[in-house]
Amino acid sequence: MVRRARALAVLFVVLVACAAAAIVVTRSGDADLTAPEGTASGVEPSTTSSSTTATSTSTTTTSTTTTIPPTPTSVPGVSVGPLIGGPGPIPVLRRIPTTDRVVFITIDDGAFADPDALAVIRDQAIPVTMFLNQAMFRSNGQYFRDLQSVGAVVGSHTSNHANLRGKDAAFQHAEICDMNAQAAELFGHAPTLFRPPYGNYDQTTLQQAASCGIVAAFHWSATADTGEIITAEGPLQAGDIILMHFKPDLGMKLRFVLAQIQAAGLRPARLQDYVASAPATAPDAAPTAAPAPAAPAAPAPTP
Ligand SMILES: [Zn+2]
């Protein structure tokens, strides 16, 4: 009798544990939806068909605290493509070819304004490039103007964070040029640096970006959305471009990121300062100019 009761108790505990695990999995899946770019390999964050299905619900639940626009459909498993660093109207770089002991911190979207991040960037004079969406930065305009006033460079991440690849020229032109017009109004000048949402682009993107005044587009070779720098290949090295997002606790994460950069004998620098010297059609210096094969697991809740 006692033995059976004990067996039932054990079974109950196992069932509860399974249910809890299922809830955790569901939650983390939802969190991923709010986070477009995310893997260190430069491979598009896997937007799986299941996550696409759940988009409407998660967007609804998060819309009270953030202003994340509808998640555009992304092609599952899409790689960075052959155009990285290749011939085009503007260069596309995932790393900066330089022997200076520098790396580049980029922060995307603009969905969340962490006052501590502003304090860290200001107090420690951290050079960062912000790839902002018009749809997101509008609600926190003053925050981003404050960041600009302490040295953060405003770059473009389109108006509505649409997946540009395969879209017609008129659509892409509007997404890029409208963002530049809005940014010029808010920040005093139009961005010249650009990151296509999800890292997805095609030749039309590059042509339209150039016609909107963009001089260079950027992918990334490392991510740090958890505060831990994860590189696509090997240790952090000179020229790496680090992808982060405006998310809660960004200030704390930036402190960790800065410490890791310094521990590697590197320092953060302004992307803008290295663009002019980057040859327009130079082959990408990264070892994996070809589509990277397997993406390392993305940092927990990705951007
Ligand atoms: Zn983004």
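What comes next is a walk through the structure. These numbers were taken from a predicted model, which means no experiment stands behind them.

Section: helix α3 (residues 115–123)
Turning to step 1, where the next piece is worked out: Within the span of α3, buried status applies to Ala117, Val120 and Ile121. In an axial view of α3, the angular spread of the buried residues amounts to 95°, which keeps them on one side of the axis. Exposed residues pointing more than 90 degrees away from the buried face of α3 are listed as Pro115 and Asp123.
Turning to step 2, where the next piece is worked out: The inward-facing, buried residues of α3 abut β3 (128–132), α5 (141–149) and α8 (250–263).

Describing the nonpolar core
Turning to step 1, where the next piece is worked out: Judged by nonpolar contacts, the single largest core of 60 residues is most densely connected at Met130, Ala217, Ala222 and Ile242.
Turning to step 2, where the next piece is worked out: For this core, the element with the highest residue contribution is strand β2 (residues 102–109), accounting for five residues.
Turning to step 3, where the next piece is worked out: For alanine 217, the residues in contact, after removing those within four places along its chain, are Ile90, Val92, Phe194, Arg195, Pro196, Tyr201, Leu206 and Ala209.

Re the packing of α3 against α8
Turning to step 1, where the next piece is worked out: Viewed as axis vectors pointing N to C, α3 and α8 meet at an angle of 35°, and their least axial separation amounts to 6 Å. Contact residues: α3 offers Asp116, Ala117, Ala119, Val120 and Ile121, while α8 offers Leu250, Gly251, Met252, Leu254 and Arg255.
Turning to step 2, where the next piece is worked out: Class assignment of the residues belonging to the contact of α3 with α8 gives a composition of seven nonpolar, one polar and two charged.

So, the environment of phenylalanine 144
Turning to step 1, where the next piece is worked out: Here phenylalanine 144 is to be found in helix α5.
Turning to step 2, where the next piece is worked out: For phenylalanine 144, the contacting residues outside a window of four places in its chain are Gly110, Met130, Leu132 and Phe137.

Description of helix α7 (residues 203–211)
Turning to step 1, where the next piece is worked out: Every buried residue belonging to α7 is among Thr205, Leu206, Gln208 and Ala209, and all of these are buried.
Turning to step 2, where the next piece is worked out: The inward-facing, buried residues of α7 contact α6 (169–187), β5 (193–194) and β6 (216–218).
Turning to step 3, where the next piece is worked out: Just downstream of α7, glycine 213 is the residue with a positive phi angle, here 100°.

Cut-offs applied
Residues numbered from 1 in each chain as written. Predicted model: local features only at pLDDT ≥ 70, side-chain atom pairs only at ≥ 80, totals over all residues. Buried ≥ 20, exposed ≤ 12 C-beta atoms within 10 Å, placed from the backbone. Helix = DSSP H or I, 4+ residues; strand = E, 2+ residues; numbered from the N terminus. Arc of directions from axis to C-beta. Contact = placed C-beta atoms within 7 Å. Core = buried A, V, L, I, M, F, W, Y, C linked by C-beta atoms within 7 Å. Axes fitted to C-alpha atoms, helices over the stretch in contact; angles between N-to-C directions. Nonpolar A, V, L, I, M, F, W, Y, C, P; charged D, E, K, R; others polar.

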